[in-house]
Amino acid sequence: MNASEGSALAGVQVRAFREGDAAAADWLARRACRLALRTSGAILRSREQAGDVAQDVAVDVLRSLVRLRDPEAFDAWVHRITVRHALRALGRRQGRERAETTLEALGGAASADARDLDLVLAARDALSSGLSKLPAKQRLALALRYVHDRSDEEIAAALGCRPGSVHALLSRGRAALRNDQSLVQFSRAVPGG
Amino acid sequence: MTMSQHQDDPVLAAAFAPARRLEPTDAEVAAVVERVVRRRTTLRGRRWRWPRVGVGGVLSALGATVAVAVAALAIVLAGHGRPPSQPGASGNVPAAARRLVSMLGVLRRPQTAADRTLPASVARILASPAGGGRRIVPQLTRLVATVANRPPGGPTPQVRFFLIVTAPATAPKNPPKPSPALGDLVSIAWEDSAGRGGFDAGLPMAWLHTKAAMRPQITEAGYNIGIVPNGVTRVRWSFVGGTVNPTVQHNVALAPSMRYTPAGNGVQKVTALEPKYLHGVTWYGPHGQVISSFGAGSANPFAAWKLASQINLRQPTPTPANKPAGIAAVYKDGTRRAITVTARGLAANKTGNAYAIWLYKSPSQRKLLGFVNPAVGKNGRLSTAGSLPRDAGNYTHIAITLQDHASPRFSGKIVLEGTLTLR
């Protein structure tokens, strides 16, 4: 399902939700959760924290769905709410590093056929080290581009700025990440990287 | 790798790929819907209106404000100089569980949305007679770890572990385990991404510093996990196959139950580190001091046993799907030999069949080592141990067969086999 098909389907579900369809509420909650989880998962280090942000976003989305004027713009609207919550979560992280950390790197239990998983873990480590040095808006712009494949205009709508600013945010973010040593090492392990 | 419309950098696209695959769990979505529905139910029919107030109303409101301010000041002055209360051990914690909260620091931190995603099925099973008729104390559920399921062939990529506290049923028809007199039990529940999960029998508060609490539990997700009270910062588990220093955080110690070490030529050596092979546990404090220990050192009955050889167990005719595999380890102490066998991906036992372990040379030359007990369950894991006979050197293979009858007659249905080496 591509983005335009997804938006059209979301529009249908929003209309069904407004008519009291419980299944539509489930569908929309899952879609909002998924979109927000992927954005916040890219910029926050912990799956739990990303899950918390995703749940808060989905709750906000469902509670204020009556105010959405264009049902087809559901995804863009979710991204806008996600940006607000993610910026708040990143602000909280500045103050105190959360005590809960994931144990994904536990035990050194490497296996011969776990190359995919190793690549995933390498990607996570490389990104978390590189992204942590970037300003919050650059991280969000990169996440919306590389996780959700959004255009400059769509990212600008989500971030509440002009497309020109998005272009600058992405350029600076990319430049900073390309110079990051852990991402350079990761790029050698990526086919075609 | 496919490039999308707006993505111009393959390295960044690959680095962000894990985030593109994130999916919310059913529990998270259910929690969202529940939060929305609950708020709607609470607010239904309530419409806020500004009250109409006259001069009398203003005066009475002013009087009430002054009275509240005076009362607050009195409370502050009267409470001055008293020791501060326990953090987090506030009114929403049941009185009976306060002592438990003081022993497990993780229960003092505020509950997050992630903590509330414990699958409802766990509560249902616990409340049933099979679970001892116990009920979960919802305020005391904490998500304590999220781990990747890294062992090869693992069916799911992520497992979540919860620390839960259960209270005994008020009038149990089936006696709760171990006993209602022991009060609240603290347990570990787990759930994988596919929605499978389970929980352990639980420990009463009074046992948190005993040997019973020090023994880790093995979960079907391939991890050993144990509850540790406040003050324990490092744990060492000694197994027959080696020593493990599990990760300790949020009052739990957690480590994989298998160890994979490269043995050259792309071959991996696998060591089973399961509680049945445990012979010692040590808890250390923040300054490295030993807080509690049992079974280590010279008291270790397996101390003299040395690993003699390791045998990979494979299917005689490989099948692509759900491939079972296993490992057998031969230990030696002088002239005595013992063997441990671990396998995964096996079909669960049904009524009337059982797995058996054989020493094997030909269909006519074989020796039954024994039937596997406990039987293989839905998780497909087999784990057993026993001694090797003195004439083990006469055989060339070790085989696991599926037997349909109780007599030691070779069924010929070899599930896994490997070349026996006793060095």
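Starting from 1, residues in each chain are numbered consecutively following that chain's sequence as written. Working convention: letters from A go to chains and numbers from 1 go to ligands, in the order in which they are written. This being a predicted model, a pLDDT of at least 70 is required before a residue's local features are given, and a value of 80 or more before pairs of side-chain atoms are given or counted; all residues contribute to the totals for chains, interfaces and linings. Side-chain numbers come from the whole structure's heavy atoms, not from hydrogens or water.

Participant: Please explain the overall build of chain A as it appears in this structure.
Facilitator: Only DSSP runs of H or I reaching four residues or more are called helices, and only runs of E reaching two or more are called strands; each is numbered from the N terminus. Secondary structure assignment for chain A yields 9 helices and 0 strands. In sequence order, the secondary structure elements of chain A are arranged as α-α-α-α-α-α-α-α-α. For chain A, buried positions account for 52% of its 193 residues. The contact criterion used throughout is that any non-hydrogen atoms of two residues lie within 4.5 Å. Counting contacts in chain A only where the partners sit at least 6 residues apart, residues at least 24 apart contribute 65% of the total. Only protein chains enter the calculation, and the probe is 1.4 Å; a residue is then buried if its accessible area is under 20% of its type maximum, exposed if over 50%, and partly exposed in between.

Participant: When you look at the sheet that holds strand β15 (residues 278-284) of chain B in this model, what are you seeing that I'm missing?
Facilitator: Within a sheet, adjacent strands bond to each other through the backbone by hydrogen bonds, running parallel or antiparallel. All names here are of chain B. The pairing criterion is simple: DSSP has to find at least two bridges between the two strands. The sheet built from 4 strands is open, its strands ordered β10-β9-β15-β16 with antiparallel pairing. Edge positions in the sheet fall to β10 (242-244) and β16 (290-294), since each has one partner strand and no second. Put simply, the sheet's adjacent strands are angled 15° from each other on average, direction ignored. Relative to β10, strand β9 (residues 234-239) runs antiparallel, the two being bridged by 3 bridges. Bridge assignment links S238 to a residue of β10, and that residue is T243. The axes used here are C-alpha line fits, helices contributing only the stretch in contact, and every angle between their N-to-C directions lies in the interval 0 to 180 degrees.

Participant: In this structure, what is going on with the nonpolar core? I would like to understand it.
Facilitator: One broad trend across soluble globular proteins is that nonpolar side chains are buried collectively. Buried Ala, Val, Leu, Ile, Met, Phe, Trp, Tyr and Cys residues form a nonpolar core when they are joined through side-chain atoms within 4.5 Å. By size, the foremost hydrophobic cluster in this structure holds 62 residues, and its most contacted members are V61, L62, L65, F74 and L142 of chain A together with F16 of chain B. Of all the elements, helix α2 (residues 22-43) of chain A adds the most residues to this core, at 11 residues. Those residues in contact with L62 of chain A that sit more than four places away from it in its chain are F17, A25, L28 and A29 of chain A together with V32 and V36 of chain B. Ranked by size, the runner-up nonpolar core spans 43 residues in total, among them V106, L208, V235 and F239 of chain B.

Participant: Would you mind going over the environment of G288 of chain B with me for this structure?
Facilitator: Residues and elements named next belong to chain B. Looking at where G288 falls in the secondary structure, it is placed in the loop between β15 and β16. Given a relative accessible area of 42%, G288 falls into the partly exposed group. Remark: the alpha-carbon pair of G288 and T233, spanning 55 residues in sequence, is separated by 8.5 Å.

Participant: Can you walk me through unusual backbone geometry in this structure?
Facilitator: Peptide bonds are trans in most cases, and residues, glycine excluded, mostly fall at negative phi. If you check the backbone angles, H250 of chain B has positive phi at about 55° while not being a glycine. The residue H250 of chain B is located in the loop between β11 (247-249) and β12 (252-256) in this model.

Participant: Even after reading the chapter, I still don't get the packing of α2 of chain A against helix α3 (residues 47-63) of chain A, so can you show me in this structure?
Facilitator: When two helices pack together, their arrangement is given by the angle between the helix axes and the distance between those axes. All names here are of chain A. Where α2 contacts α3, the two axes come as close as 8 Å, and the packing angle between them is 140°. When the interaxial angle is binned, α2 and α3 end up oblique. Judged by the sense of rotation from one axis to the other, the crossing of α2 with α3 is right-handed. When α2 is examined against α3, the residues A25, L28, A29, A32, C33, A36, L37, S40 and G41 are found in contact with a partner set consisting of R47, A50, G51, V53, A54, Q55, V57, A58, V61 and L62. Here the contact of α2 with α3 is built from residues that sort into 14 nonpolar, 4 polar and 1 charged. Between 65 and 115 degrees an angle is taken as roughly perpendicular, under 35 as roughly parallel, over 145 as roughly antiparallel, and anywhere else as oblique. Should the near helix be turned counterclockwise from the far one by less than a right angle, the crossing is left-handed, whereas a clockwise turn marks it as right-handed. Note on residue classes: Ala, Val, Leu, Ile, Met, Phe, Trp, Tyr, Cys and Pro are nonpolar, Asp, Glu, Lys and Arg are charged, and everything else, Gly too, is polar.

Participant: I tried to follow the pattern of salt bridges on my own but got confused; where do I start?
Facilitator: Once their charged atoms are close, side chains differing in charge can pair, the charge on each being opposite to the other. By convention in these notes, a salt bridge is any Lys or Arg side-chain nitrogen within 4 Å of a carboxyl oxygen on Asp or Glu. Tallying each qualifying case throughout the model produces 12 salt bridges over all chains. For the salt bridge of R38 of chain A with E23 of chain B, the shortest nitrogen-to-oxygen distance reads 2.6 Å. On the criterion of chain membership, the pair formed by R38 of chain A in helix α2 and E23 of chain B in the loop between α2 (17-20) and α3 (26-43) is interchain, its members lying in two chains. Its relative accessible area of 17% is what places R38 of chain A among the buried residues.

Participant: What should I look at first to understand the sheet that holds β12 of chain B in this one?
Facilitator: All names here are of chain B. The sheet built from 4 strands is open, its strands ordered β7-β8-β12-β11 with antiparallel pairing. What marks the edges here is a single partner per strand, and that holds for β7 (217-218) and β11. Note that β7 and strand β8 (residues 223-227) share 2 bridges and pair antiparallel. Considered in β8, the bridge of Q217 is made with I225.

Participant: How do you make sense of the confidence of the model for chain B when you look at a structure like this?
Facilitator: Detailed conclusions should not be drawn from predicted coordinates in areas where pLDDT is low. All names here are of chain B. Scored by pLDDT, chain B comes out at a mean of 76, with 78% of its residues at no less than 70. Confidence scores per residue from the predictor, reported as pLDDT, run from 0 to 100. Contacts of residues 41-49 to residues separated by more than four positions or lying in other chains number 0 contacts, the stretch itself having pLDDT below 50. Contacts of residues 80-91 to residues separated by more than four positions or lying in other chains number 8 contacts, the stretch itself having pLDDT below 50. For this predicted complex, the interface confidence score (ipTM) comes to 0.78, while the overall pTM stands at 0.40.

Participant: I'm lost on the packing of helix α6 (residues 136-146) of chain A against helix α8 (residues 163-179) of chain A in this one. Help?
Facilitator: All names here are of chain A. Between α6 and α8, the least distance of the axes is 9 Å, while the angle of their chain directions is 95°. The orientation of α6 with respect to α8, classified from their angle, is roughly perpendicular. In this structure, α6 uses K137, Q138, A141, L142, R145 and Y146 to contact α8, whose residues at the interface are L169, L170, R172, G173, R174 and L177.

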